[in-house]
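Observations on the three-dimensional arrangement
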Protein chains: 4
Amino acid sequence: MPPPSEPVEETERLLTRAGGELKTERRKRGADVARAAIVHAAATAFAQRGYYGTTIDDIARESGYSPAAIYKYFTNKEALFSHLWNVMAEQLQKLFEESTRMPVPFSQRLRWLLSKLGEILQSSPDLLIAFIGQRPYVARSHPTELERQSFRQYKRHLMQLKALMEQGIHERVLGSGPAEDYANLFVGLLYEFAYKWVTAPASADLQHHEDRVLNLFLHGAGPLRGGK
Amino acid sequence: MPPPSEPVEETERLLTRAGGELKTERRKRGADVARAAIVHAAATAFAQRGYYGTTIDDIARESGYSPAAIYKYFTNKEALFSHLWNVMAEQLQKLFEESTRMPVPFSQRLRWLLSKLGEILQSSPDLLIAFIGQRPYVARSHPTELERQSFRQYKRHLMQLKALMEQGIHERVLGSGPAEDYANLFVGLLYEFAYKWVTAPASADLQHHEDRVLNLFLHGAGPLRGGK
Amino acid sequence: MPPPSEPVEETERLLTRAGGELKTERRKRGADVARAAIVHAAATAFAQRGYYGTTIDDIARESGYSPAAIYKYFTNKEALFSHLWNVMAEQLQKLFEESTRMPVPFSQRLRWLLSKLGEILQSSPDLLIAFIGQRPYVARSHPTELERQSFRQYKRHLMQLKALMEQGIHERVLGSGPAEDYANLFVGLLYEFAYKWVTAPASADLQHHEDRVLNLFLHGAGPLRGGK
Amino acid sequence: MPPPSEPVEETERLLTRAGGELKTERRKRGADVARAAIVHAAATAFAQRGYYGTTIDDIARESGYSPAAIYKYFTNKEALFSHLWNVMAEQLQKLFEESTRMPVPFSQRLRWLLSKLGEILQSSPDLLIAFIGQRPYVARSHPTELERQSFRQYKRHLMQLKALMEQGIHERVLGSGPAEDYANLFVGLLYEFAYKWVTAPASADLQHHEDRVLNLFLHGAGPLRGGK
DNA sequence: CATGAATGAGGGTTCATTCAT
DNA sequence: GATGAATGAACCCTCATTCAT
């Protein structure tokens, strides 16, 4: 009776607007389609109206299924949100990890990471917003299980980024300052520009956004220094 | 019947943990005391459990008044939250404005601004979190009035900061890059470090935090360059 | 916020059809009246359609209040039922206790006990049925908290009756057989005749019923023997 | 479309833990096996968690079949329960009838009846509890069809027992009191001791239980009298 | 014969809000 | 000025039941 917690990758693939050809495999079909529709509807709804502002009925309506159907695939509202959140969290986690392992100079890895993040922003802005929107709850005094989980994941991400930054420090591409600060700077920029882009997507092309973030990250707001 | 929307400054004064001597002036007393108690209770509750997680009953209980009393002072839950939000928004707005007008070099103004923000973080962390926590809703497709208002205010803050940054650019303390980017960088850092400090306040003294933020803002993560 | 668990006696008094003059004391009124109405409606409903067959809406409708009002007085459906159940359980418990302490011969005490039980049956048949109807759940493998509680109380009643029977044995009014058996016999008869009376109340006057129960209890179905 | 209401005896045979050899007769097999599995699972489930506490999904899971399959054999949940109930009711009915026809002295017939009841208690305690648990609903003001049926059957049992008791009276093994009272006494003892045995089965061997019931039935709780 | 998939019809519960006192 | 009492409107979730395959 516990709804089968399908591998997160599946959902991820189905959600991605880019590679969503939905191969017509001879799978159980029905169930998969329904699950994907629900997950998709949920991502949109949660992103637009937040966790509390979204009702199960909303998701049901938007997905084309009945509220009861949703409970066949997820134990409850929180589990559904949690699933979505994990999809994004794992995607990011993987990205961060990968970026620390690429056998190329640090600055290339940074670029690569940023461009990958840009792709996510483009392919699943809904999910990304739903994800980031969860962060504020991190500071709660009486966190729900969901909030506790978010907090843990948030710190895990920071750790990963810190590791990356340490490599940058080692390669002398970054300064000597505490790697953690750099990680925070990175995250701060990411969130800020993600919002900027989402609230006004037409403002410019994504590539340009990435360049600006990279530049701000490396040199801050101060004047170009040195010989120049 | 719409409860008189008392000047925000009053609340602000009452909330600040520092200078809250509550002089026994010749005033209607009762009403003021009640209002202050309610506002204070609301700030704590909203910060700890969020807008949706906080019930009017919660606030009533914590304030020592009845739910009905709250409606004597605020038209509804949203108005109460909105008021709190505005208190913080105006406080920040004033700070930003002031910082563009100080007749001292840019870097001093920046320092001053940061230290002022630090004071706020220390005196009303609850409020500040409640304030920042509101930001994610900014991107909603179907925003409530509160969200629309938040969005406007958020942009106003950015404008103000952009003006400040333009001064910095003019004084050659900052680079030539678009002032808006610098404003975003500043905000990103602010939020990130505010969270950091709130979720682990003991981590270090605030002064130190400010230094790091300033440093990251001015120089980014890149290495200190050349001749210096 | 936890609804005030008013002393059970109060409810008991209000429910009793006999002495229910509802003195117009200058009490908080409202709340008391409402609570009594809800409790009364609940007793009727539960007795007629059982715990599961009764909805909060039923009780609300019959009590003349809204469903939400019920939750002001009882934390939830189970708590409401549990309260009713306790009212009866304590009433019985007190009766049983008292009957073991009366300074009169055993057979008089027994008579007195039966007549008291008869009074209850007449004044609150609803409650009594709701109470007895709970017993079957006693044997559940996976009991709810309510069921566990019922079971404990049931055994407590048996213990009390056993104590009474031991006195009867000691006074030679009863045989030597295990007191526990006598307690079970007594309970069995009680339940059986309570049902009989409730399902066909007009069948005879209560006094007559009591006599028969007493007779069956003392002599069973066998023939009157010997010399007598 | 109404599923063929197979003769109750079949189920009875399949349920009885004792003689369940399930001969591989030339029969539709499949269907029979499925039906038996469902009925068996239902008996267990209903007995453990009651009618309302048991879901069709529960029964399906425990039977190894799907919920839909259940509807192939029974029109609905109530019909399934009703069937189980009838199995027990008819078994008892037959027992009672038979006991009035045995060409042996009354006391032997009584003994025989009790031992037969003991066998049932041992072989299908689940069913017996599910059966007895139904009784309280007998008194409902707005009975469901199931409850009406239970009530009728209950009275039929009493009638049967009353007939038996009349024989006892005639044979002078019982007193002269109304036969109906004796029937009620018998039922009361039966239920009470059935519960006792089920809630604490290890307490003693069944034979002993039967003796006690018989003794209580014949002589009540009073002292052994007269010259005897 | 069997089931996977889906749903309609509630049921319990919460909560912002009102209003007579 | 303050509140006790009450409620309408949802919301989350469950479950018996159906039906195409």
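This section reports on the structure supplied with the text. A quick note: this is a predicted structure, and the numbers were derived from the prediction, not measured. (Residues numbered from 1 in each chain as written. Chains lettered and ligands numbered in written order. Predicted model: local features only at pLDDT ≥ 70, side-chain atom pairs only at ≥ 80, totals over all residues. Heavy atoms only, no water.)

**Focus: the overall build of chain A**
Helix and strand counts for chain A come out as 10 helices and zero strands. Helices and strands in chain A line up, N terminus first, as α-α-α-α-α-α-α-α-α-α. Burial status across chain A gives 56% buried among its 228 residues. In chain A, the share of contacts with a sequence separation of at least 24, taken over all contacts with a separation of at least 6, comes to 67%. (Helix = DSSP H or I, 4+ residues; strand = E, 2+ residues; numbered from the N terminus. Buried < 20%, exposed > 50% of the residue type's maximum accessible area, 1.4 Å probe, protein only. Contact = heavy atoms within 4.5 Å.)

**Here's the deal with the interface of chain A and chain B**
How large an interface is tends to be reported as the accessible area lost when its parts come together. At the junction of the two partners, chain A supplies 49 residues and chain B supplies 47 residues. At the boundary of chain A with chain B, total buried surface from both sides reaches about 4000 Å², with 57% on carbon and sulfur atoms. Taken together, the connections running from chain A to chain B amount to six salt bridges. Notably, a salt bridge pairs Arg212(B) with Asp181(A), separated by 2.5 Å at the nearest N-O pair. Where chain A touches chain B, the interface holds 17 residue pairs in polar contact (both at pLDDT 80 or more). At the level of elements, helix H2 (30–53), helix H8 (145–170), helix H9 (179–199) and helix H10 (206–219) of chain A are the ones that each hand at least two residues to the side of chain A that touches chain B. No other element matches the 15 residues that H9(A) contributes to the side of chain A that touches chain B. Here the residues of the side of chain A that touches chain B sort into 25 nonpolar, 14 polar and 10 charged. (Buried area = accessible area lost by both parts, 1.4 Å probe. Salt bridge = Lys/Arg side-chain N within 4 Å of Asp/Glu carboxyl O. Polar contact = N/O pair within 3.5 Å; in protein donor to acceptor, adjacent residues only side chain to side chain. Nonpolar A, V, L, I, M, F, W, Y, C, P; charged D, E, K, R; others polar.)

**Some remarks on the packing of aromatic side chains**
Inspection of every chain in the model, using the stated rule, returns 26 aromatic pairs over all chains. An angle of 85 degrees between the planes, with centres 5.0 Å apart, marks the rings of Phe46(D) and Phe81(D) as edge-to-face. Of this pair, Phe46(D) sits in helix H2 (residues 30–53) while Phe81(D) sits in helix H5 (residues 77–101), and the two are 35 residues apart along the sequence. Judged by its relative accessible area of 4%, Phe81(D) falls in the buried class. Their ring planes at 85 degrees and their centres at 5.3 Å tell us that Tyr51(D) and Tyr52(D) sit as a pair that is edge-to-face. According to the relative accessible area criterion, Tyr52(D) is partly exposed, its value standing at 36%. Three or more aromatic residues joined by ring pairs make a cluster, and in this case those are Phe46(A), Tyr51(A), Tyr52(A), Phe81(A), Phe46(B), Tyr51(B), Tyr52(B) and Phe81(B). In this structure, Lys155(B) packs its charged tip against the face of Phe151(B), placed 4.7 Å from the ring centre. (Phe/Tyr/Trp six-rings, centres within 6.5 Å; stacked < 30°, edge-to-face > 60°. Lys NZ or Arg CZ within 6 Å of the ring centre and 35° of its normal.)

**Considering unusual backbone geometry**
All names here are of chain B. Look at arginine 172: it is not a glycine, yet its phi comes out positive at around 65 degrees. Residue position: arginine 172 is located in the loop between helix H8 (145–170) and helix H9 (179–199). According to the relative accessible area criterion, arginine 172 is exposed, its value standing at 71%.

**Overview of the protein's contact with DNA strand F**
Of all residues adjacent to DNA strand F, which total 29 residues, the nearest are Tyr71(A), Tyr73(B), Ala68(C), Tyr73(C) and Ile56(D). Of what DNA strand F places within 4 Å of the protein, 64% of the atoms are sugar or phosphate. Measuring from a phosphate oxygen of DNA strand F, one finds a side-chain N or O atom of Tyr71(A) at 2.6 Å. Here a base oxygen of DNA strand F and a side-chain polar atom of Lys72(C) are 3.4 Å apart. (Near = heavy atom within 4 Å.)

**Observations regarding the pattern of salt bridges**
One pass over the full model with this rule turns up 40 salt bridges over all chains. The network of salt bridges with common partners includes Arg49(A), Asp58(A), Arg61(A) and Glu62(A).

**Quick notes on the protein's contact with DNA strand E**
Inspection of the region around DNA strand E gives 29 residues, with Tyr73(A), Ile56(B), Lys77(B), Tyr71(C) and Lys77(C) positioned closest. The sugar-phosphate backbone supplies 64% of the atoms of DNA strand E found within 4 Å of the protein. The contact in question runs from a phosphate oxygen of DNA strand E to an N or O atom on the backbone of Lys77(B), over 2.8 Å. Ser66(D) is positioned such that a nitrogen or oxygen atom in its backbone is 3.0 Å from a phosphate oxygen of DNA strand E. Secondary-structure elements contributing two or more residues to the surface near DNA strand E are H2 and helix H4 (67–73) of chain A, helix H4 (67–73) of chain B, helix H4 (67–73) of chain C together with helix H4 (67–73) of chain D.

**Some thoughts on the packing of helix H6 (residues 106–123) of chain A against H9(A)**
Residue and element names in this part refer to chain A. Where H6 meets H9, the closest approach of the two axes is 12 Å, and the angle between their N-to-C directions is 35 degrees. For the crossing formed where H6 meets H9, the hand is right-handed. Here Leu110, Leu113, Leu114, Leu117, Leu121 and Gln122 of H6 come into contact with H9, specifically with Phe186, Leu190, Ala194, Trp197 and Val198. Looking at the contact of H6 with H9 residue by residue, the class counts come to 10 nonpolar, one polar and no charged. (Axes fitted to C-alpha atoms, helices over the stretch in contact; angles between N-to-C directions. Left-handed = near helix turned anticlockwise from the far one by under 90°.)

**Thoughts on the packing of H9(B) against helix H10 (residues 206–219) of chain B**
All names here are of chain B. Interaxial distance between H9 and H10 falls to 10 Å at its minimum, and their mutual angle equals 150 degrees. Accordingly, the angle class assigned to the pair H9 and H10 is roughly antiparallel. In this structure, H9 crosses over H10, and the sense of that crossing is right-handed. Only Leu206, His209, Arg212, Val213, Leu216 and Phe217 of H10 make contact with H9, whose side of the interface consists of Tyr182, Leu185, Phe186, Leu189, Phe193, Lys196 and Trp197. (Parallel < 35°, antiparallel > 145°, perpendicular 65-115°, else oblique.)

**With respect to the relation of the copies chain A and chain B**
For the pair chain A and chain B, the relating rotation is 179 degrees, the translation along its axis is 0.0 Å, and the fit reaches an RMSD of 0.2 Å. Both copies of the chain, as the preceding transformation shows, are related through a two-fold rotation axis. Comparing contact sets, 96% of the residues at the interface of chain A also lie at the interface in chain B, consistent with an isologous, same-surface contact. (Least-squares fit on C-alpha atoms with pLDDT ≥ 70 in both.)

**Looking at the nonpolar core**
Counting residues in hydrophobic clusters, the biggest one holds 135 residues, and the most contacted among them are Phe186(A), Phe217(A), Phe186(B) and Phe217(B). Judged by nonpolar contacts, the second largest core, of 133 residues, contains Leu164(C), Ile38(D), Phe106(D) and Leu214(D). (Core = buried A, V, L, I, M, F, W, Y, C linked by side-chain atoms within 4.5 Å.)

**Observations regarding the environment of Ala89(A)**
All names here are of chain A. Within the secondary structure layout, alanine 89 lies in helix H5 (residues 77–101). Relative accessible area serves as the criterion here: at 0%, alanine 89 is assigned to the buried category. For the pair alanine 89 and phenylalanine 131, spaced 42 residues apart in sequence, the C-alpha to C-alpha distance is 7.7 Å. With near-sequence residues (within four places) excluded, alanine 89 lies in contact with Phe131, Gln153 and His157.

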